[in-house]
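Here is how the chains run, residue by residue.
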Amino acid sequence: MTSATRRSGAAATAVPVLEISDLSVELSIGGRWIQALDRVGLTIQRGEVLGLVGESGSGKSLTALSIAGLLPGNARVAGGSIRLNGEEVLGKSEQALNRLRARSVALVFQNPTSYLNPVLTVGAQIAEIFELNPELLEAAGGRTRRREAWRQSIEALRLVRIPDPERVVERYPFELSGGMQQRVVIAMALVRQPDLVIADEITTALDVTVQAQILSLLAELRRTVRLTLLLITHDMGIVAQLADRVVVMYSGSVVESSDVRTLFKSPRHPYSKALLETVPTIDGGRTVFRPIRGAMPALTDPPAGCRFHPRCPDAFDQCSRRKPERLALDPGRVVACHLYEGGAVSE
Ligand SMILES: Nc1ncnc2c1ncn2[C@@H]1O[C@H](COP(=O)(O)OP(=O)(O)OP(=O)(O)O)[C@@H](O)[C@H]1O
Ligand code: SF4
Ligand SMILES: [Mg+2]
């Protein structure tokens, strides 16, 4: 547990649903091992939505895949800890891991078609989950298991606000729009009653109206099923709308974590400030947004010191020499930037 979470009062006493500390992951690229995640840390309490943000290539999906045990073949965990409901995930046998993760974590990605089986109806796919996890049907009452699975599949579609679920359950994925397919995938994630849902850019491929509908569905599910969500996005607007807390990543490291309101009011890390300026605003009738100058460094050739220094408007001599340590600035706020050294306690 970080000193920041330790100081944040009552919430810190509960066992977090997810607690990642000092997670380092390496990738084998061109015959050598390259550090892709550098001591990543984050915590999610039950019922909380944590936004994980950063530009493309910052390490968000690798973090998600590490939690779900789905890292690519050329990746290895080089250190750290991932605890699900207090139980260490790293170092467990494959079988024990699969059991723990199947019970605890559901992942939803950007592209629903990669999840859905094109030759099975929506109902058959949801019912299959019940077949694989018979304990989910314990409350079957007098009904046959098959009928109960079908009934619960319809209920799952109703929960994610699919209109006319009795008919949609008979449909094949290709008969549904992208937004409806994504709702089906969310329903499939929820029927397993996971402790944690990881949503990785799930609205990126959708048009703006459908995106808004899915976001409002997630907001509703927070209330109805007390969703605990790791919400991965490069869009600060989505974070503002849904998340309680936010973790900002840059080039494989966490550069700032904070509650959302505080981050939007007073971002500390220069990269967080730059990311917030990418959110479009209306100025005199014109939509204005400022892209971040420069590009994320290649993993194979990162700059020395702070990896953001070639793009940072506030960089000074220390920045290209030393990697900044994480500093706990205020309760719940951690920043890795030389600007704050001396005014904060090192984690
Ligand atoms: N299997 C792999 N082999 C080589 N490099 C990889 C592999 N998987 C990821 N990477 C690299 O690791 C870095 C982090 O990737 P990751 O997919 O976690 O980024 P991301 O933050 O999810 O980006 P995006 O917003 O584009 O999804 C990137 O530079 C990416 O190119
Ligand atoms: S450590 Fe230096 S370069 Fe990095 S974000 Fe802070 S001021 Fe900018
Ligand atoms: Mg990604």
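Please read all numbers here as calculations on a predicted model, not as lab measurements. (Residues numbered from 1 in each chain as written. Chains lettered and ligands numbered in written order. Predicted model: local features only at pLDDT ≥ 70, side-chain atom pairs only at ≥ 80, totals over all residues. Heavy atoms only, no water.)

## A look at the site of ligand 1
Surrounding ligand 1, one finds 14 residues, the nearest of these being Ser56, Gly57, Lys60, Ser61 and Leu62. Here an oxygen atom of ligand 1 sits 2.9 Å away from a polar atom, N or O, in the main chain of Leu62. Within the side chain of Asn74, one N or O atom sits 3.0 Å away from a nitrogen atom of ligand 1. Burial of ligand 1 by the protein chains amounts to 65% of its free accessible area of 640 Å². At the level of secondary structure, the elements contributing two or more residues to the shell around ligand 1 comprise β1 (18-29) and α2 (60-68). Here the shell around ligand 1 takes 3 residues from α2, the largest share from any one element. Taken together, the residues of the shell around ligand 1 sort by class into 5 nonpolar, 6 polar and 3 charged. (Near = heavy atom within 4 Å. Polar contact = N/O pair within 3.5 Å; in protein donor to acceptor, adjacent residues only side chain to side chain. Areas by Shrake-Rupley, 256 points an atom, 1.4 Å probe, with all protein chains shown as cover. Helix = DSSP H or I, 4+ residues; strand = E, 2+ residues; numbered from the N terminus. Nonpolar A, V, L, I, M, F, W, Y, C, P; charged D, E, K, R; others polar.)

## Focus on the nonpolar core
Ranked by internal contacts, the top residues of the largest apolar core, which has 61 residues, are Leu157, Ile186, Leu218 and Val248. Top contributing element to this core by residue count: helix α7 (residues 178-191), with 8 residues. Counting residues in hydrophobic clusters, the runner-up holds 32 residues, among them Leu50, Ala64, Val89 and Leu196. (Core = buried A, V, L, I, M, F, W, Y, C linked by side-chain atoms within 4.5 Å. Buried < 20%, exposed > 50% of the residue type's maximum accessible area, 1.4 Å probe, protein only.)

## Let's talk about the pairing of strand β2 (residues 32-44)
Sheet topology places β1 next to β2; 9 bridges connect them, and they run antiparallel. Across the sheet, the residue bridging to Leu27 is Ile34, located in β2. Hairpin remark: β1 followed by β2, antiparallel, with 2 residues in the connecting loop; positive phi at Gly30, about 55 degrees. (Pairing = 2+ DSSP bridges.)

## Here we look at the site of ligand 2
Surrounding ligand 2, one finds His269, Pro270, Cys306, Phe308, His309, Cys312, Asp314, Ala315, Cys319, Cys337, His338 and Leu339. Across the shell around ligand 2, the residue classes tally to 8 nonpolar, 3 polar and 1 charged.

## As for the confidence of the model for the chain
Mean pLDDT over the chain works out to 89, with 93% of the residues at or above the 70 mark. Contacts of residues 1-11 to residues separated by more than four positions or lying in other chains number 17 contacts, the stretch itself having pLDDT below 50. (pLDDT = per-residue confidence, 0-100. Contact = heavy atoms within 4.5 Å.)

## Some details on α2
For the α-helix, the turn length of 3.6 residues means that residues three or four positions removed from each other point alike. Along α2, 8 of the 9 residues are buried, which leaves the element largely enclosed by surrounding structure. Restricting attention to buried positions, one finds in α2 the residues Lys60, Leu62, Thr63, Ala64, Leu65, Ser66, Ile67 and Ala68. A positive backbone phi angle near 70 degrees is found at Gly69, which sits one or two residues after α2.

## Brief notes about the pattern of salt bridges
The tally for this structure, following the rule as stated, stands at 17 salt bridges. For Arg222, the salt bridge goes to Asp244, with nearest N and O atoms at 2.8 Å. With Arg222 in helix α8 (residues 208-224) and Asp244 in the loop between α9 (236-242) and β9 (245-250), the pair connects residues that are 22 residues apart, well separated along the chain. Overall, the relative accessible area of 24% leaves Arg222 in the partly exposed class. The closest approach of N and O atoms between Asp330 and Arg333, which form a salt bridge, is 3.5 Å. According to the relative accessible area criterion, Asp330 is partly exposed, its value standing at 25%. A single network of salt bridges, built from pairs that share partners, joins Asp38, Arg39 and Lys323. (Salt bridge = Lys/Arg side-chain N within 4 Å of Asp/Glu carboxyl O.)

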